[in-house]
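Structure at a glance
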Amino acid sequence: MEELRSAVEGHMDLMADLVQNLTAEFRSGLAPAYENLIGFFHAIDWKEPWLMCLLGFHGALLLVTIFTRRNINFQMVLFLLVLAGIYSAETLNRLLGQNWKSFASQNYFDKHGLFLSTLWSGPLLVISMAILINNLFSLCHLIVKWKRAELRHRARLSHKKEH
């Protein structure tokens, strides 16, 4: 019995060391990612008119999404348009990379599409998730409404049969 207890304690100590090492590596692993993210945002000239328009576009699209949340048909069309915008990001990155001199002070459009993924597809993904969550809530509300109507109908039918 004592051997079993010492084996379990040894295993628990090993697991505790493993968890401590894992959390220490995780914390140290986030610092370079945070520094890279800060460096990325500092490298961008946020006063460029086209970037302001892009941010304004995303803000306006978010407001349209919020104000039309009760119109499910419009939301589905908007959802498909947002997904089409995400889908076209690679082509858009290539075209903007070829013509960046006509609208930007520096070439933000690398071959991997990091900039466009961050500032174009990222906000569009957030908006598409908001639309999807809204549609799921609407669907749940519709299911509850339908089930209540069904229960009322069954109650009326059983009430008619009794009389």
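Further up the page is the structure itself.
Residues numbered from 1 in each chain as written. Predicted model: local features only at pLDDT ≥ 70, side-chain atom pairs only at ≥ 80, totals over all residues. Heavy atoms only, no water.

Some words on the packing of helix α4 (residues 89-98) against helix α5 (residues 114-162)
- Where α4 contacts α5, the two axes come as close as 10 Å, and the packing angle between them is 125°. Taken together, the axes of α4 and α5 are oblique relative to one another. The hand of the α4/α5 crossing is right-handed. Residues Ala89, Leu92, Asn93 and Leu96 of α4 form the contact with α5, whose participating residues are Leu116, Trp120 and Ser121.
- Considered class by class, the residues forming the contact of α4 with α5 number 5 nonpolar, 2 polar and no charged. (Axes fitted to C-alpha atoms, helices over the stretch in contact; angles between N-to-C directions. Helix = DSSP H or I, 4+ residues; strand = E, 2+ residues; numbered from the N terminus. Parallel < 35°, antiparallel > 145°, perpendicular 65-115°, else oblique. Left-handed = near helix turned anticlockwise from the far one by under 90°. Contact = heavy atoms within 4.5 Å. Nonpolar A, V, L, I, M, F, W, Y, C, P; charged D, E, K, R; others polar.)

Remarks on the side chain of Asn134
- Secondary-structure assignment places Asn134 in helix α5.
- The buried category is assigned to Asn134, whose relative accessible area is 16%. (Buried < 20%, exposed > 50% of the residue type's maximum accessible area, 1.4 Å probe, protein only.)

As for the nonpolar core
- The biggest cluster of nonpolar side chains holds 22 residues, and the ones touching the most others in it are Ile44, Trp50, Leu51, Tyr108, Phe109 and Phe115.
- Where this core is concerned, the elements lending two or more residues are α2 (49-67), α3 (72-87) and α5.
- A per-element tally of this core places α5 first, with 7 residues.
- Sequence-distant contacts of Phe109, defined by excluding residues within four places in its chain, comprise Trp50, Asn93, Leu96, Gly97, Trp100, Phe103, Phe115 and Leu116. (Core = buried A, V, L, I, M, F, W, Y, C linked by side-chain atoms within 4.5 Å.)

A short note on a negative patch on the surface
- A cluster of acidic residues, Glu2, Glu3, Glu9, Asp13 and Asp17, forms a negative patch at the surface.
- Relative to the helices and strands, Asp17 is located in helix α1 (residues 2-42).
- A relative accessible area of 43% means that Asp17 is categorised as partly exposed. (Patch = residues over 30% accessible without salt bridge, like charges linked within 9 Å, V, L, I, M, F, W, Y side chains within 5 Å. Areas by Shrake-Rupley, 256 points an atom, 1.4 Å probe, with all protein chains shown as cover. Salt bridge = Lys/Arg side-chain N within 4 Å of Asp/Glu carboxyl O. Lys, Arg positive; Asp, Glu negative; His and termini not counted. Charge placed at Lys NZ, Arg CZ, Asp CG, Glu CD.)

Some points on the packing of α2 against α5
- Orientation of α2 relative to α5, taken along the N-to-C sense of each, is 10°, at an axis distance of 10 Å. With respect to their mutual orientation, α2 and α5 come out roughly parallel. The residues of α5 that touch α2, namely those facing Trp50, Leu51, Leu54, Phe57, His58, Leu61, Leu62 and Thr65, are Phe115, Leu119, Trp120, Pro123, Leu124, Ile127 and Ile131.

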